[in-house]
Amino acid sequence: MSVCTRDVTSPPVIFHFDLSCIVSFVFQVKYSEDRGMSSDASARLILFLGINVVLGRFTGGFLCSIKRLENLYILQSVLLINGVSTILLTLAQKYEALVAYSVVFGFGDGVMASVFNILILTCVDPSRAASSFGYFLLIVSVTSLAGPPIAGGLIALFLGSL
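Residues numbered from 1 in each chain as written. Predicted model: local features only at pLDDT ≥ 70, side-chain atom pairs only at ≥ 80, totals over all residues. Heavy atoms only, no water.

Participant: Just to check I follow, could you spell out helix H2 (residues 39-65) for this structure?
Facilitator: Helical periodicity: at 3.6 residues per turn, an α-helix aligns residues three or four positions apart in one direction. Look at H2: 40 Å from first C-alpha to last across 27 residues, which is about the 39 Å you get at 1.5 Å a residue. Taken residue by residue, H2 has Ala 41, Ser 42, Leu 45, Leu 49, Asn 52, Val 53, Gly 56, Gly 60 and Cys 64 as its buried positions. (Helix = DSSP H or I, 4+ residues; strand = E, 2+ residues; numbered from the N terminus. Expected span 1.5 Å × (residues − 1). Buried < 20%, exposed > 50% of the residue type's maximum accessible area, 1.4 Å probe, protein only.)

Participant: Sorry, what's going on with the environment of Gly 110 here?
Facilitator: The topology assignment puts Gly 110 in helix H4 (residues 95-122). For Gly 110, a relative accessible area of 0% corresponds to the buried category. Taking the C-alpha atoms as reference, Gly 110 lies 4.3 Å from Arg 57; in sequence the two are 53 residues apart. Those residues in contact with Gly 110 that sit more than four places away from it in its chain are Val 53, Gly 56 and Arg 57. (Contact = heavy atoms within 4.5 Å.)

Participant: Hey, could you run me through the packing of aromatic side chains in this one?
Facilitator: Aromatic ring pairs are defined here through the distance separating the ring centres and the angle between the ring planes. Overall, the coordinates contain three aromatic pairs when judged by the stated rule. The rings of Phe 116, Phe 133 and Phe 136 are connected pair by pair, giving a single aromatic cluster. (Phe/Tyr/Trp six-rings, centres within 6.5 Å; stacked < 30°, edge-to-face > 60°.)

Participant: How should I be thinking about the pattern of salt bridges in this particular structure?
Facilitator: Side chains that differ in charge, positive against negative, can pair when their charged atoms come close. Under the criterion given, the structure shown has one salt bridge. In this structure, Asp 34 and Lys 30 form a salt bridge, with 3.1 Å as the shortest nitrogen-oxygen distance. Of this pair, Asp 34 and Lys 30 are both found in helix H1 (residues 11-34), four residues apart, which corresponds to roughly one turn of the helix. Here Lys 30 falls in the partly exposed class, since its relative accessible area comes to 35%. (Salt bridge = Lys/Arg side-chain N within 4 Å of Asp/Glu carboxyl O.)

Participant: What am I meant to see in the packing of H2 against H4 here?
Facilitator: Between two packed helices, both the angle of their axes relative to each other and the distance between the axes serve to describe the pair. It is at 6 Å that the axes of H2 and H4 come closest, and there the two elements cross at 35 degrees. The two elements H2 and H4 meet at a crossing, and its hand is right-handed. Tallied by class, the residues present in the contact of H2 with H4 amount to 17 nonpolar, nine polar and three charged. (Axes fitted to C-alpha atoms, helices over the stretch in contact; angles between N-to-C directions. Left-handed = near helix turned anticlockwise from the far one by under 90°. Nonpolar A, V, L, I, M, F, W, Y, C, P; charged D, E, K, R; others polar.)

Participant: Just to check I follow, could you spell out the nonpolar core for this structure?
Facilitator: As a rule of thumb, nonpolar side chains are buried together in soluble globular proteins. Leu 75, Leu 89, Tyr 95, Leu 98 and Val 115 are the most contacted members of the largest nonpolar core, which totals 26 residues. Listing elements by their share of this core, those giving two or more residues are H1, H2, helix H3 (71-89), H4 and helix H5 (129-159). The biggest single contributor to this core is H4, with 11 residues. Not counting the four nearest positions on each side in its chain, Leu 89 is found in contact with Tyr 31, Leu 98 and Tyr 101. (Core = buried A, V, L, I, M, F, W, Y, C linked by side-chain atoms within 4.5 Å.)

In structure tokens, the structure reads:
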């Protein structure tokens, strides 16, 4: 029996998690350009991020198929890694450090996407799985749409410009 908790899969948790998660994708190029990287090099970071998201999704699915590993603990571990890498991003001044962040964050985001989907589908009765997954996608789509403008507004408010 897998560990399943309402706290991790509740709408407020998913809302706040995804509200901040998508911001890294949107502002990474601007952040690297502010650090003196060229436009081409900055755009290449999104390529590294995207490739590692795909690899992370496969890895997340594989990890969830291992019976000895609890899906919730996989999710928590990857959330911790992504959180620490994002905190350490503030120290990154060279292109190599930004590439390392793109690789780690992209891979972690891919693993999170797979594990979140599996948790959402296994934390409810099979008869409610489709409805549960639909609500999850609704919350994720709203926060993906709202997250970057909210973050941009906060940046403009506290830093004066974007």
